Amino acid sequence: MIVVMKPKATKEEIDKVKSVIKELGYSPHPIEGILRTVIGVVGDERGKPHDLDSLKQLQGVEKVVPVLQPYKLTSREVNDETSVFNVDGVAVGDSKIPIIAGPCSVESEEQIMTIAASIKDSGASMLRGGAFKPRTSPYAFQGLGKEGLELLVKAKEMTGLPIVTEIMSPDDLELVEEYADVLQIGARNSQNYSLLRHVGKSKKAVLLKRGMSTTISEFLMCAEYILSEGNSNVILCERGIRTFETATRNTFDLNAIPVLKEKTHLPVFADPSHGTGYWQYVIPVTLASIAAGADGVIVEVHNNPEIAVSDGAQSLKPKTFKNLMEKAAPVAEAIGRTV
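Quick summary incoming for the structure in this document. (Residues numbered from 1 in each chain as written. Predicted model: local features only at pLDDT ≥ 70, side-chain atom pairs only at ≥ 80, totals over all residues. Heavy atoms only, no water.)

### Let's talk about the pattern of salt bridges
Working step 1: Evaluated as defined, the whole model comprises 15 salt bridges.
Working step 2: Lys11 is the salt-bridge partner of Asp15, the closest N and O atoms lying 2.8 Å from each other. Of this pair, Asp15 and Lys11 are both found in helix H1 (residues 11–23), four residues apart, which corresponds to roughly one turn of the helix.
Working step 3: With a relative accessible area of 57%, Lys11 lands in the exposed category.
Working step 4: Taking the shortest distance from any N to any O, the salt bridge between Lys317 and Glu306 comes out at 2.8 Å. In this pair, Lys317 is assigned in the loop between strand S14 (296–300) and helix H10 (318–334) and Glu306 in the loop between S14 and H10, connecting sequence segments eleven residues apart.
Working step 5: With relative accessibility at 38%, the residue Lys317 sits in the partly exposed group.
Working step 6: In this structure, a network of salt bridges that share partners links the residues Lys11, Asp15 and Lys18. (Salt bridge = Lys/Arg side-chain N within 4 Å of Asp/Glu carboxyl O. Helix = DSSP H or I, 4+ residues; strand = E, 2+ residues; numbered from the N terminus. Buried < 20%, exposed > 50% of the residue type's maximum accessible area, 1.4 Å probe, protein only.)

Written out as structure tokens, the structure is:
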């Protein structure tokens, strides 16, 4: 159920509606749009005698609408406008498309500083880099941990680029929050509901990647876990799914971008690096993603991908990343956006 407030509803009227919702035994989740505020009403309706339609009697309420989708707070029924929020000066969900770039793993100070400087010069909006790495093999490089986070901060101090980094465990939340601007949930943890609930309590934005075998409906329910805990600053990221095809690392689901844009108000990003697994396909898939309506792109860039400790094959060299930015600009312009 959602409560749609009138365009000129006052703060006092909105607060009163939230208070009544709590009195009825539900949780209010306000979403502030450009023209009006809507309030999601979340909770178990079993055993509650109250009729939520009575909320329409309150001052400032325009209408009360049932949400038919199993995902409530992520649905466009709650908010017909794409959500826009700020990440340390970078607008997400707006007409300008943020490009997040950086290495799969932070390996050394020289490496991260070199890459950060190059992507800044080419026009990147945020810096990505893994300090904690989920790896298929327990013997593979697992990341530098806290040292990696500290190196990311040094790179931010030099470039001003907000930090996007992965969190793997609820136990690490307090540590990663201290350094990161965006908490990334990787594909392998997309249905780790305990982790999703913990980041849902965070004030930091969350970049949620689609699981390699996760349907779109399941993906939206994963996001619902985060929003239901109070964190509405969530980015959905298509990063390829597992199919029978072996020519690429994953099968990038370009269909997911317009489908998600139709179903949810959350910003939708694309990850062509993991989506393909080969650097030579990253630029064309990036351009296709922008044309399909992606609100942002995250790509891997490495100054020496030949000796990278992880994902070197799918990483762009700085010069190639600059080429990507140059090619992306006219595609974005063709659909009324910028990069």
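### Quick word on the pairing of S14
Working step 1: Summarising burial for S14: five of the five residues are buried, a large majority.
Working step 2: Burial along S14 is two-sided: the face carrying Gly296, Ile298 and Glu300 and the face carrying Val297 and Val299 are both buried.
Working step 3: As paired elements, strand S13 (residues 268–270) and S14 share two bridges and run parallel to each other. Paired with Phe269 across the two strands is Gly296, which belongs to S14. (Pairing = 2+ DSSP bridges.)

### Here we look at the sheet that holds strand S1 (residues 2–5)
Working step 1: Spatially, the four strands line up as an open sheet ordered S2-S3-S1-S4, and their pairing is antiparallel. The open sheet has two edge strands with one neighbour each: strand S2 (27–32) and strand S4 (61–65). Going across the sheet, the axis of each strand differs from the next one's by a mean of 20°, ignoring polarity.
Working step 2: Of the pairings in the sheet, the one linking S1 to strand S3 (residues 37–42) comprises three bridges and is antiparallel in character. Across the sheet, Ile2 pairs through a bridge with Gly40, a residue of S3.
Working step 3: Those strands touched by H1 are S1, S2, S3 and S4, and its axis lies near 5° from that of S3. (Axes fitted to C-alpha atoms, helices over the stretch in contact; angles between N-to-C directions. Contact = heavy atoms within 4.5 Å.)

### Regarding the state of the cysteines
Working step 1: Here the structure, examined in full by the defined rule, presents zero disulfides.
Working step 2: Free cysteine Cys104: the closest other cysteine sulfur is in Cys237, separated by 13 Å.
Working step 3: By relative accessible area, which is 3% here, Cys104 ends up buried.
Working step 4: Cys237 provides the cysteine sulfur closest to Cys222, a residue in no disulfide bond, and the two sulfurs are 13 Å apart. (Disulfide = S-S within 2.5 Å.)

### Notes on the sheet that holds strand S8 (residues 126–128)
Working step 1: Reading around the circumference, S7-S8-S9-S10-S11-S12-S13-S14 is the order of the eight strands in this closed barrel, with parallel pairing throughout. Between one strand axis and the next, the sheet turns by 25° as a mean value, whatever way the strands run.
Working step 2: With four bridges connecting them, strand S11 (residues 205–209) and strand S12 (residues 234–238) associate as parallel partners. Residue pairing across strands places Lys209 opposite Cys237, the latter belonging to S12.
Working step 3: Those strands touched by helix H2 (residues 109–122) are strand S7 (99–102) and S8, and its axis lies near 150° from that of S8.
Working step 4: Running over the sheet, helix H6 (residues 216–228) touches S11 and S12 and is turned about 160° from S12.

### Here we look at the packing of H2 against helix H3 (residues 146–159)
Working step 1: The N-to-C vectors of H2 and H3 enclose an angle of 35°; their axes lie 9 Å apart at closest approach. Crossing geometry of H2 relative to H3 is assigned as right-handed. Across the interface between the two elements, Glu109, Ile112, Met113, Ala116, Ala117 and Lys120 of H2 pack against Leu151, Leu152, Lys154, Ala155, Met158 and Thr159 of H3.
Working step 2: Class assignment for the residues of the contact of H2 with H3 results in eight nonpolar, one polar and three charged. (Left-handed = near helix turned anticlockwise from the far one by under 90°. Nonpolar A, V, L, I, M, F, W, Y, C, P; charged D, E, K, R; others polar.)

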